[in-house]
Amino acid sequence: MNREAMTPLIEVVDLKKYYPVRGGIIPHTTGWVRAVDGVSFSVMRAQTLGLVGESGCGKSTIGRQLVGLESPTEGSIFYDGRDLAALQKKPEEMRQIRTKLQMIFQDPYSSLNPRKHIYEILAQPMLYHGISQKDTVRRDIRKLLNMVGLPETVLGRYPHEFSGGQRQRIGIAKALSLNPEFIVCDEPVSALDVSIQAQILNLLKELQKELKLTLLFVGHGLGAVNYVSDRIAVMYLGRIVEYGDARDIFVHPAHPYTQALLDAVPIPDPGEKDKPRRLLEGEIGSNINPPAGCRFHPRCPYALPLCRTQEPQMQKIPSGKTALAAGEHYAACPYCSNIKEKE
Ligand SMILES: Nc1ncnc2c1ncn2[C@@H]1O[C@H](COP(=O)(O)OP(=O)(O)OP(=O)(O)O)[C@@H](O)[C@H]1O
Ligand SMILES: [Mg+2]
């Protein structure tokens, strides 16, 4: 791997995003939704980081902060070493950087203007940002469509005239149209049926390789996320509980929450159907009043008295336990290694 690939394009340091909760007869702020509550990670250049966790744990909120749709409550985001908050004071530089940070949404319909046909949807931003000129834009759009596997005949049609899979391809073309370096793919296949999911995942994988894109791939389950990711971050209630090399995490999940997520992945091999599975019970807790200590402790089958009071810090999981242990691996559970020994 060359040196450039080993440097992070995106670095997130202690990111927090709190939303006000309004209540009372005279509406006022009665509390805060701690959607993201102190998260740090980096995304290596030309690699994919998978972000996985249950609904409501804060994945999309992280995505929105990374592409500049919202500003963090606290913490920093560095793009290619530049602090995005400091760039707010330099609008022209910020405008250019925004084009480099794009997002693909779960429901592309919501990100495509229903009153515009596909040509307008793709051409307008390209012309506005000077990516293309009037005499070259049609040629550039043709290239884009070719990349995402759509024929040129789609250009005169409106978003509602497409199937979900085709619409997602248009969403991908739109994200690619401004020559981005980094794309947040926010559950891009969750709304599609299984056969189409595989096509879109493969398309994203190919494009990532071909265009050397850096991706944050958000998903609910570890199956699809593992398929496309180099590294994985597992989130629970606004915090990252495990982070590391995708293969390492998939084969040797350390945190009890990751183990349960992995056990929820369907097994295609009928011979393994009787394998004991640790299924999650209860619901993800409140992010207004998160549980004290380890946020996962009310659902953790291994919780000890200490877990109710002490917030666990990320610690390195010893690698090299097996031939597959390839890279860095961290988990926020002081009992991870003991759990493994007990099993
Ligand atoms: N603008 C907002 N105002 C108030 N609360 C918000 C806002 N946006 C998100 N939230 C809350 O922040 C938390 C995290 O939401 P987010 O959409 O990031 O979750 P998610 O992990 O993407 O979930 P899903 O997998 O269902 O998409 C949720 O409790 C949500 O209700
Ligand atoms: Mg989401």
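Residues numbered from 1 in each chain as written. Chains lettered and ligands numbered in written order. Predicted model: local features only at pLDDT ≥ 70, side-chain atom pairs only at ≥ 80, totals over all residues.

**Some points on the overall build of the chain**
Then comes step 1: The helix and strand tally for the chain stands at 12 helices and 12 strands.
Then comes step 2: Burial analysis of the chain (343 residues in total) assigns 38% to the buried set. (Helix = DSSP H or I, 4+ residues; strand = E, 2+ residues; numbered from the N terminus. Buried ≥ 20, exposed ≤ 12 C-beta atoms within 10 Å, placed from the backbone.)

**With respect to helix H5 (residues 118-128)**
Then comes step 1: Taken as a whole, H5 has its buried residues at Ile-118, Ile-121, Leu-122, Ala-123 and Met-126.
Then comes step 2: Just downstream of H5 lies Gly-130, where phi reads positive at about 70 degrees.

**Considering the confidence of the model for the chain**
Then comes step 1: Per-residue confidence for the chain averages 88 on the pLDDT scale, and 90% of its residues sit at or above 70.
Then comes step 2: This model gives residues 339-343 a pLDDT under 50, and the stretch forms two contacts once residues within four places in sequence are excluded. (pLDDT = per-residue confidence, 0-100. Contact = placed C-beta atoms within 7 Å.)

**Digging into the site of ligand 1**
Then comes step 1: In the vicinity of ligand 1 lie 13 residues, with Tyr-19, Ala-35, Ser-55, Ser-60 and Thr-61 positioned nearest.
Then comes step 2: It is helix H1 (residues 59-66) that provides the largest number of residues to the shell around ligand 1, a total of three residues.
Then comes step 3: Class assignment for the residues of the shell around ligand 1 results in four nonpolar, eight polar and one charged. (Near = placed C-beta within 6 Å. Nonpolar A, V, L, I, M, F, W, Y, C, P; charged D, E, K, R; others polar.)

**Some thoughts on the sheet that holds strand E1 (residues 8-23)**
Hydrogen bonds between backbone groups are what pair the strands of a sheet, and the pairing can be parallel or antiparallel.
Then comes step 1: Pairing within the open sheet is antiparallel, and its four strands lie in the order E2-E1-E4-E5. Strands at the two margins of the open sheet, each flanked by one partner only, are strand E2 (28-44) and strand E5 (82-83).
Then comes step 2: Note that E1 and strand E4 (residues 74-79) share five bridges and pair antiparallel. Looking at E4, one finds that Glu-11 is bridged to Phe-78.
Then comes step 3: Across the sheet, H1 touches E1, E2 and E4, and the angle it forms with E1 is around 115 degrees. (Pairing = 2+ DSSP bridges. Axes fitted to C-alpha atoms, helices over the stretch in contact; angles between N-to-C directions.)

**With respect to the nonpolar core**
Then comes step 1: Formed by 79 residues in total, the largest nonpolar core has its most connected members in Ile-183, Cys-185, Leu-216, Ala-233, Val-234 and Val-241.
Then comes step 2: Formed jointly, this core draws a minimum of three residues from each of two domains, domain 1 (43-69 + 86-229) and domain 2 (239-267 + 291-343).
Then comes step 3: Residues within four places of Leu-216 in sequence aside, it is in contact with Val-43, Leu-49, Leu-51, Gly-63, Leu-66, Val-184 and Cys-185. (Core = buried A, V, L, I, M, F, W, Y, C linked by C-beta atoms within 7 Å. Domains from an automatic or database assignment.)

**Quick notes on helix H11 (residues 256-263)**
Then comes step 1: Of all eight residues in H11, six are buried; the element is thus mostly enclosed.
Then comes step 2: Those residues of H11 lying buried are Pro-256, Tyr-257, Thr-258, Gln-259, Leu-261 and Leu-262.

**What to know about unusual backbone geometry**
Then comes step 1: Even without a glycine there, the phi angle at Ala-46 is positive, about 60 degrees.
Then comes step 2: Counting through the fold element by element, Ala-46 comes out in the loop between E2 and strand E3 (48-52).
Then comes step 3: Backbone geometry at Asn-179 places phi at a positive 50 degrees, although glycine is not the residue there.
Then comes step 4: Its place among the elements puts Asn-179 in the loop between helix H7 (164-176) and strand E7 (182-186).

**Thoughts on the pairing of E7**
Then comes step 1: Of all five residues in E7, five are buried; the element is thus mostly enclosed.
Then comes step 2: The alternating pattern of E7 places Phe-182, Val-184 and Asp-186 on one face and Ile-183 and Cys-185 on the opposite face, and all of these are buried.
Then comes step 3: Taken together, the four bridges between strand E6 (residues 101-104) and E7 define a ladder with parallel strand orientation. Bridge assignment links Leu-101 to a residue of E7, and that residue is Phe-182.
Then comes step 4: Of the pairings in the sheet, the one linking E7 to strand E8 (residues 214-219) comprises five bridges and is parallel in character.

**Considering the packing of helix H6 (residues 137-148) against H7**
Then comes step 1: Where H6 meets H7, the closest approach of the two axes is 9 Å, and the angle between their N-to-C directions is 130 degrees. Between H6 and H7, the angle is such that the two are oblique. Regarding H6 and H7, the two cross each other, and that crossing is right-handed. Every residue of H7 that contacts H6 at Leu-144, Leu-145, Met-147 and Val-148 is listed here: Arg-169, Ile-172, Ala-173 and Leu-176. (Parallel < 35°, antiparallel > 145°, perpendicular 65-115°, else oblique. Left-handed = near helix turned anticlockwise from the far one by under 90°.)

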